[in-house]
Amino acid sequence: GENVEQHPSTLSVQEGDSAVIKCTYSDSASNYFPWYKQELGKGPQLIIDIRSNVGEKKDQRIAVTLNKTAKHFSLHITETQPEDSAVYFCAAQDWGSQGNLIFGKGTKLSVKP
Amino acid sequence: GAGVSQTPSNKVTEKGKYVELRCDPISGHTALYWYRQSLGQGPEFLIYFQGTGAADDSGLPNDRFFAVRPEGSVSTLKIQRTERGDSAVYLCASSFDRVRNEQFFGPGTRLTVL
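All values derive from a computational prediction rather than experimental measurement. For every chain, the first residue of its written sequence is number 1, and the numbers climb from 1 along that sequence. Chains carry letters from A onward and ligands carry numbers from 1 onward, assigned in written order. Selection of residues for local features in this predicted model requires a pLDDT of at least 70, selection of side-chain atom pairs for listing and counting requires 80 or more, and totals for whole chains, interfaces and linings are taken over all residues. Only hydrogens and water are removed before side-chain values are computed, so all heavy atoms of the structure are retained for them.

This part is about the sheet that holds strand β6 (residues 56–59) of chain A. Residue and element names in this part refer to chain A. The sheet built from five strands is open, its strands ordered β1-β3-β8-β7-β6 with antiparallel pairing. What marks the edges here is a single partner per strand, and that holds for β1 (4–7) and β6. With direction set aside, neighbouring strand axes in the sheet form an average angle of 15 degrees. At least two bridges found by DSSP between two strands is the condition for calling them paired. Comment: elements are numbered from the N terminus, with helices defined as DSSP H or I runs of at least four residues and strands as E runs of at least two. Where β6 and strand β7 (residues 62–67) come together, four bridges link them in antiparallel fashion. Of the residues in β7, the one forming a bridge with Asp59 is Ile62. Under this scheme, a helix contributes an axis fitted over its contacting stretch, all axes are lines through C-alpha atoms, and angles between N-to-C directions fall in the 0 to 180 degree range.

Okay, here's the thing in structure tokens:
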């Protein structure tokens with residue numbers, strides 16, 4: 001089945017700097033890769049996603065890149081703000097497992113003012 | 001419109017008791033998912049409904065766990081003979097369907113088994 005690795009587990013940046021979180025996946029059949037932001041005590045919030053027919057997608061300060069050959073995808077947050085502080089999860093839709101989402105273990109992002 | 005809602009937000013029970021957790025998906029979403037999230041981990045898939053039927057229950061850990069969605073909308077996750085290891089946050093998500101698989105999560109139910 002699919003296995004998703006996420007790095008780093010913690011990330012601390014200064015306000016205004018960029019943050020990059022990386023994930024790798026194992027199953028070449030996976031074709032949908034969402035990113036979620038989870039604040040303390042809340043459910044995960046979908047912030048951006050990418051499908052395998054696209055290499056990059058951008059939404060304001062957030063962008064995601066996908067390298068199908070290398071089986072890795074990354075989340076880029078520019079001009080970070082304190083409200084970006086949260087745990088971020090990547091996921092891959094594993095069509096080898098009936099299309100279930102397989103999540104990484106998360107990255108705790110802290111943005112220092 | 002309204003997002004996914006889950007009740008209760010917190011549930012404390014004693015070992016061996018039976019619990020029910022409820023999920024109300026986004027209106028019009030035919031697909032519904034249950035996940036379990038342990039501290040410091042990502043959500044772990046439990047079961048997926050397409051309409052009223054459980055299309056994939058491969059993530060349920062054992063036969064103490066069961067879920068229903070009788071009318072294709074609200075779903076209930078049922079746990080019998082709870083164990084301390086069942087303590088976790090139980091998340092529900094819904095999507096328009098399996099193809100348009102943008103999943104939207106509810107706030108979760110924190111289950112504590114004493």
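Throughout this description, the term nonpolar core refers to a set of buried Ala, Val, Leu, Ile, Met, Phe, Trp, Tyr and Cys residues connected via side-chain atoms within 4.5 Å. Note on classification: 1.4 Å probe, protein chains only; a residue is buried when its accessible area is under 20% of the maximum for its type, exposed when over 50%, partly exposed between these limits. In terms of nonpolar packing, the biggest core is built from 24 residues, with A:Trp35, A:Phe73, A:Leu75, A:Tyr88 and A:Leu109 touching the most fellow members. Elements with a contribution of two residues or more to this core: β2 (10–14), β3 (19–25), β4 (32–38), β5 (45–51), β7, β8 (72–77), β9 (86–94) and β11 (107–112) of chain A. B:Cys23, B:Ile79, B:Ala88 and B:Val113 belong to the second-largest nonpolar core, a separate cluster that totals 20 residues.

Here we come to the pattern of salt bridges. Counted as salt bridges are all cases of a side-chain nitrogen of Lys or Arg within 4 Å of a carboxyl oxygen of Asp or Glu. This model, assessed by the stated rule, comprises eight salt bridges over all chains. The partner of A:Lys57 in a salt bridge is A:Asp49, and the shortest N-O contact between them spans 2.9 Å. Look at A:Asp49 and you get buried, because its relative accessible area is 9%. Between B:Arg64 and B:Glu83 there is a salt bridge, and its shortest N-O distance comes to 3.5 Å. Note that B:Arg64 is positioned in the loop between β6 (53–56) and β7 (65–68) and B:Glu83 in the loop between β8 (75–79) and β9 (88–95), a separation of 19 residues in sequence. Accessibility expressed as a relative area gives 39% for B:Glu83, which makes it partly exposed. Shared partners join several salt bridges into a network, and the residues in it are A:Lys37, A:Glu39 and A:Lys42.

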